[in-house]
Amino acid sequence: MASATLPAPPPLPEGLPPIWQLLAAECSQACLGVLQPHLGALLRAGDGIAGQNGMEQLRALFRCIGQLHERAERAEAAARHWEAHWSGAFHHVLEQRRQTDNATVGYEVELRETHTALATLRAERDRLAGEVWVLQQEARRGCEAEAAREQNRGVWLRSLEESMLRRLGESEEQQRALQRRLDAEGAKAAALQAELGQLQLDLVFERGERRRAEEHAAEAGKYAVEARSQVGRSVSEALQKLQRELGEELQREREAHALTAASVVTRREAISVLTTFAELWRTGATPVPGIHGQRAERALRELARKTDLLPPDGELVQEPLRRALGAQAARELGAELAAAAGRPPGRLLPAAAAVPAAGMMAAAGRRSPGV
């Protein structure tokens, strides 16, 4: 480029400064930078030129070269300018063409949409025209039907008028009949009025009779109250007497029940007594007498403590005790326990206690596997 900074020309040999000064005077620095590689050829060409005419020719040559270089620089700058201008114009034309293409495409789309809308409007117009035609037909039929109804209404009105006239005549006849009935009812009302007067007289008489009946009823009620009070007192006395008798009877039954309950042995007590009695028989169920003496004595004492149904000196107790302790020891132990219980030795059991004792004996026999 012409505006670029060129390196400084190398130092020239002596004798050449006039030519160099001439070149520097006629050419620009950019031109000197371009001619620097060809400096040797210029010097050799300058050697062949001598004198004043030669210097003028060199000056003209250098001036021409400088002018050509300047023109070349201006041409290059103009070329770059027009190239940039052409590029901008080209891009502008491309942008306008793109916008034109977009506008054309949008126009075509709008045109198609317009055609579609126009077709839709035409279809809607045809549909509305059909509906209008249908409505016109319906209106025509409605007018015809309305005319027929008007004609029928006229016939109906004429028949209604005739019917009303006929009913008016009938109502007049009914009115006359009602008037005659009203006259008859008036006569009946007069008769009823006379009967009402007679009934009022009868009512006065009935009121007098009712008053006398009420007086008799009051007297009868008073008598009934007195009779009721008398009957109530009698019933109260009878109830009190019956209550006393029932209370005494209930007391006697309670005492009898208490005596019966006192003589009854509970199941638990019976099982305990039978268990102890069975233990006593187990001590006696051995082939060697006296081996279970302490065990038999302990069972007998526990049996005497639990119940008096089996006395210690009784035969049911003495039999297993003799087997366990011996006859003499069994008799002495039974007498000792009977005396401690407050019963003289040798007293037999009462008849009421004999049955429970026998039952317990049987139970003891069943519970004792060794007997």
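This text gives an overview of the structure that appears in the document. These numbers come from a predicted model, not from an experiment. (Residues numbered from 1 in each chain as written. Predicted model: local features only at pLDDT ≥ 70, side-chain atom pairs only at ≥ 80, totals over all residues. Heavy atoms only, no water.)

### Considerations on the pattern of salt bridges
Here the structure, examined in full by the defined rule, presents 18 salt bridges. For Arg125, the salt bridge is made with Asp126, and the minimal N-O distance between the two is 3.5 Å. Judged by relative accessible area, which is 46%, Asp126 ranks as partly exposed. Of the charged contacts, one joins Glu146 and Arg149 as a salt bridge, the two residues approaching to 2.5 Å between their closest N and O atoms. In this pair, Glu146 and Arg149 both sit in helix α4 (residues 51-262), three residues apart, roughly one turn of the helix. Linked through salt bridges whose partners overlap, the residues forming this network are Glu315, Glu319, Arg322 and Arg323. (Salt bridge = Lys/Arg side-chain N within 4 Å of Asp/Glu carboxyl O. Buried < 20%, exposed > 50% of the residue type's maximum accessible area, 1.4 Å probe, protein only. Helix = DSSP H or I, 4+ residues; strand = E, 2+ residues; numbered from the N terminus.)

### Section: helix α6 (residues 293-306)
With 14 residues, α6 extends 20 Å between its outermost C-alpha atoms, agreeing within 8% with the 20 Å of an ideal straight helix rising 1.5 Å per residue. Listed as buried for α6 are Gly293, Ala296, Ala299, Leu300 and Leu303. For α6, the buried positions fall inside an angular range of 130 degrees around the axis, keeping them on one side. Across from the buried face of α6, at angles greater than 90 degrees, the exposed residues are Gln294, Arg298 and Arg305. Its buried side turned inward, α6 meets α5 (267-284), α7 (315-325) and α8 (327-340). (Expected span 1.5 Å × (residues − 1). Arc of directions from axis to C-beta. Contact = heavy atoms within 4.5 Å.)

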